[in-house]
Amino acid sequence: MNAFVTGAFDTEVGELPGSSCMGLHAQAAIGAVADAGLKLPDIDGVLCAYSFTEPHLMLASVFCEYLGIHPGYSAAVQAGGASACIMIMQAAALVASGQCEHVLVVTGDNRLTGMSRDGAVAALAEVGHPQFERPFGISVPASYALVAQHYMHETGVTSEQLAAIAVEHRRHAGRHPKAHKREPITVEQVLASKMIATPLHMLDCCLISDGGAAVVVSSRAAARDCRGTPIEILGAGQGHTHEHIIAAPNLDDFGCKASSKAAFGRAGVACADIDVAEIYDSFTITLAVELESIGFFERGEAGIAAERGDLGLGGRLPCNTHGGLLSYGHSGAAGGMFHAVEAVHQLRGRAGARQVDGARLAFVHGDGGILSAHCSLVFGAH
Amino acid sequence: MNRPLPRPTAETKPFWEGCASGVLRFQSCALCGTVQRIPRSLCAACQSDALAWHQSSGLGRVLSHTTVHRAPTPAFRGEVPYVIALIDMDEGFRLMANVADATAAPVGIGSRVQIGFREIDGVALPQAKVCP
């Protein structure tokens, strides 16, 4: 696609008292630009997403003002958990078309310390349809629970098998010094954790964290000016089927099927070629249906695969090697960006104890809404 | 924080007026015949604005369900645990509704349900009951 990730950075993540949305943005941005070996004036494009704690109609303008930069292109993208991947796809288009040389894609939010847990849950509930969902007490976990209940009924997958996904994520996070939650958990602990919306327990759900993350996307020519090892964006694709779960065409297959097909097609690769996958995991069920819709596993097989260790380091498809949203952290739009940053670490061979041996091809995926908006990326070591 | 209640728009008014008078309504496209999943202003299949209203039998089948234990807002705290179901209605539209007396007659995927109405703060909301 003639676009390269030349810089990547993630801030501390977890409970960060005194942090702010814009402060985390700035820290992530400065880190990513430095990682690329660039200076802030080299950045001629900026993409931001959204914020829970400092919401604004023009978040990218607010950020540029905060940091004191004046790029030739600046815009905000809002597509929930798909935002990070969609922004990277957009940045790739901007550099490939010659409109920019170095696009900074930056996210961050202090969702944990900047708002109450109730506030975070209530803000998320507003994504429900105002007339046909919210009056019935829908929440994001309850919407995913509807998908999970249907999935378990159709496939015979058990709560234990979904819990195995959470357990493997915690094992991954244990190898990441910055992860929000690192202490190991067991299937029994997942099942004993508080029921949120049947069949999803607290430990089937992602964390709420403070944190920020950013990448720099550069054109082929401009990537040569960068210090960091460039990672090529080989393919990208999106899939959109609905926003509200009541309007989903069905509860079996989602837009990740189309988005991954497009991304694989553009990259000229297939599922079997992928060395490491970083896939949006807002709930255990989210990852299960994505892994299957995308084609990494057969329908009903993801949970069994997790029990077998297929998603672990050294497994058939090491997945969410940083610990994902379930254990590394979830800071709004930065949650999805952590997946992209981890893919860059893996392809540069800089993932430390969690390094996938010889990782050359990574798949990154974001999901916004209730499996509503999807964006897939294929990254390659250069 | 108050419980979120529907604020009818021009295109959804007939639906909510129907609920208030104990009638469940749905739309189909007069041009292509597509039954609309939820009330809309344009046909989801052909974008025609020729959408006709019909009266539903109120009978449907549960596509999925969940029992909510963690309320999304304080307004629902007094109701937990409560059941939310996605229901495929016999006429081909879809409804989200709470299930009444779910402890007495447990709801399952595929359960037949009858839609009735429950008034909250002067607004009639559809409510499902498992058929005996």
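Check the entry above for the structure.
It should be emphasised that the depicted structure is a prediction, and the values quoted were computed from it without experimental measurement.

Chemist: Just checking my understanding: could you explain the overall build of chain A for this structure?
Modeler: Each helix and strand counted, chain A has 13 helices and 11 strands in total. Taken over the C-alpha trace, chain A has a radius of gyration of 19 Å; the compact-globule value for 382 residues is 21 Å, and the two agree within 12%. Principal-axis analysis of the C-alpha atoms places the extent of chain A at approximately 55 × 40 × 40 Å. The buried share among the 382 residues of chain A stands at 64%.

Chemist: I'm lost on the overall build of chain B in this one. Help?
Modeler: When its secondary structure is counted, chain B shows one helix and seven strands. Mapped in sequence order, the helices and strands of chain B form the string α-β-β-β-β-β-β-β. Taking 14 Å as the expected radius of gyration for a compact globule of 132 residues, we find that chain B reaches 15 Å, a close match to that expectation. Summarising its shape, the C-alpha atoms of chain B cover approximately 45 × 35 × 25 Å along the three principal directions. Of all 132 residues assigned to chain B, the portion counted as buried reaches 36%. Partitioning the contacts of chain B with sequence separation of at least 6, the portion at a separation of at least 24 is 50%.

Chemist: Would you mind showing me how to read the interface of chain A and chain B here?
Modeler: If you look at the interface, chain A gives 27 residues, while chain B gives 28 residues. Within the residue set of the side of chain A that touches chain B, elements represented by two or more residues are α4 (117-125), α5 (140-155) and β5 (195-197) of chain A. It is α5(A) that contributes the most residues to the side of chain A that touches chain B, seven residues altogether. Each residue belonging to the side of chain A that touches chain B can be placed in one class, and the counts come to 18 nonpolar, seven polar and two charged.

Chemist: Can you walk me through the sheet that holds strand β7 (residues 210-219) of chain A in this structure?
Modeler: Strand pairs in the sheet, formed through backbone hydrogen bonds, run parallel or antiparallel to each other. Residue and element names in this part refer to chain A. Read across the sheet, nine strands follow the order β3-β2-β4-β7-β1-β8-β11-β10-β9 without closing on themselves; strand pairing throughout is mixed. Each end of this open sheet is capped by a strand with a single partner; those strands are β3 (74-76) and β9 (276-279). In this sheet, neighbouring strand axes are inclined to one another by 25° on average, regardless of whether the strands run parallel or antiparallel. Sheet topology note: the strand β8 (residues 231-240)/strand β11 (residues 373-381) ladder contains nine bridges and is antiparallel. By the bridge assignment for β11, H240 is matched with A373. Along the sheet face, helix α13 (residues 333-347) touches β1 (3-10), β4 (102-110), β7, β8, β9, β10 (361-368) and β11 and points at about 55° away from the line of β7.

Chemist: Looking at this model, I keep getting lost on unusual backbone geometry. Mind explaining?
Modeler: It is generally the case that most residues other than glycine have a negative phi and that most peptide bonds are trans. Omega for the bond connecting A:T198 with A:P199 falls within 30 degrees of zero, at 5°, which places this linkage in the cis form. Among the structural elements, A:P199 can be located in the loop between β5 and β6 (200-201). Here the phi dihedral of B:Q47 falls at roughly 65°; this positive angle occurs in a residue that is not glycine. Mapped onto the secondary structure, B:Q47 falls in the loop between β1 (25-29) and β2 (51-55).

Chemist: Which parts of the structure should I look at to understand the environment of B:L24?
Modeler: Residues and elements named next belong to chain B. For L24, the location among the structural elements is in the loop between α1 (13-20) and β1. Sequence separation between L24 and S57 is 33 residues; the distance between their C-alpha atoms is 7.6 Å. Among all residues touching L24, those that are not within four sequence positions of it are G18, S56, G58, I115 and P126.

Chemist: Looking at this model, I keep getting lost on the nonpolar core. Mind explaining?
Modeler: One broad rule of soluble globular proteins: the nonpolar side chains tend to lie buried together. Residue and element names in this part refer to chain A. Residues I88, V215 and V217 are the most contacted members of the largest nonpolar core, which totals 164 residues. Ranked by residue count, the leading element in this core is helix α3 (residues 83-96), at 10 residues. For V217, the contacting residues outside a window of four places in its chain are A3, F4, V5, I88, A91, A92, V95, V103 and V105.

Chemist: Please clarify how the packing of helix α6 (residues 159-173) of chain A against helix α10 (residues 284-294) of chain A should be interpreted in this entry.
Modeler: The angle between the axes and the distance between the axes are what describe a pair of packed helices. All names here are of chain A. Orientation of α6 relative to α10, taken along the N-to-C sense of each, is 100°, at an axis distance of 9 Å. By the criterion of interaxial angle, the relationship of α6 to α10 is roughly perpendicular. Across the interface between the two elements, L162, A163, I165 and A166 of α6 pack against T284, I285, L287 and A288 of α10. Partitioning the contact of α6 with α10 into residue classes produces seven nonpolar, one polar and no charged.

Chemist: Just checking my understanding: could you explain the packing of helix α9 (residues 256-267) of chain A against α10(A) for this structure?
Modeler: Residue and element names in this part refer to chain A. The contact between α9 and α10 brings their axes to 8 Å, and the two run at 50°. In terms of axis orientation, α9 runs oblique to α10. In the packing of α9 onto α10, the handedness of the crossing is right-handed. Taken together, the residues of α10 that come into contact with α9 (itself represented by C256, K257 and S260) are E290, S293 and I294.

Chemist: For this particular structure, what's the right way to read the pairing of strand β4 (residues 82-89) of chain B?
Modeler: When a strand is regular, its side chains alternate between the sheet's two faces. Residues and elements named next belong to chain B. In terms of burial, β4 is a largely internal element, six of the eight residues being buried. Bridge count between strand β3 (residues 59-68) and β4: eight bridges; the pairing is antiparallel. Following the sheet pairing, R61 is matched in β4 by D88. Here β4 pairs with strand β5 (residues 94-99) via five bridges, running antiparallel. For D88, the partnering residue across the bridge sits in β5 and is R94.

Chemist: So what exactly am I meant to see when it comes to the environment of B:A44 here?
Modeler: All names here are of chain B. When you line up the elements, A44 lands in the loop between β1 and β2. For A44, a count of 17 C-beta atoms within 10 Å puts it in the partly exposed group. Taking the C-alpha atoms as reference, A44 lies 8.0 Å from T34; in sequence the two are 10 residues apart.

Chemist: Please clarify how α10(A) should be interpreted in this entry.
Modeler: Note that an α-helix has 3.6 residues per turn; residues three or four places apart therefore point the same way. The element α10(A) is extensively covered by neighbouring structure, given that 11 of its 11 residues are classed as buried. At the C-terminal side of α10(A), A:G295 shows a positive phi close to 110°.

Chemist: Can you help me understand α1(B) in this one?
Modeler: Residues and elements named next belong to chain B. Looking only at α1, the buried set comprises F15, W16, G18 and C19. Buried residues along α1 cover an arc of 155° about the axis, so they all sit on one side. Among the structural elements, β1, β6 (112-120) and β7 (123-130) are those in contact with the buried residues of α1. G22 sits one or two positions beyond α1 and adopts a positive phi of about 80°.

The rules behind the values
- Residues numbered from 1 in each chain as written.
- Chains lettered and ligands numbered in written order.
- Predicted model: local features only at pLDDT ≥ 70, side-chain atom pairs only at ≥ 80, totals over all residues.
- Helix = DSSP H or I, 4+ residues; strand = E, 2+ residues; numbered from the N terminus.
- Rg over C-alpha atoms; globule rule 2.2 N^0.38 Å.
- Buried ≥ 20, exposed ≤ 12 C-beta atoms within 10 Å, placed from the backbone.
- Contact = placed C-beta atoms within 7 Å.
- Nonpolar A, V, L, I, M, F, W, Y, C, P; charged D, E, K, R; others polar.
- Pairing = 2+ DSSP bridges.
- Axes fitted to C-alpha atoms, helices over the stretch in contact; angles between N-to-C directions.
- Core = buried A, V, L, I, M, F, W, Y, C linked by C-beta atoms within 7 Å.
- Parallel < 35°, antiparallel > 145°, perpendicular 65-115°, else oblique.
- Left-handed = near helix turned anticlockwise from the far one by under 90°.
- Arc of directions from axis to C-beta.

Purely geometric stuff here, so don't read any function into it on its own.
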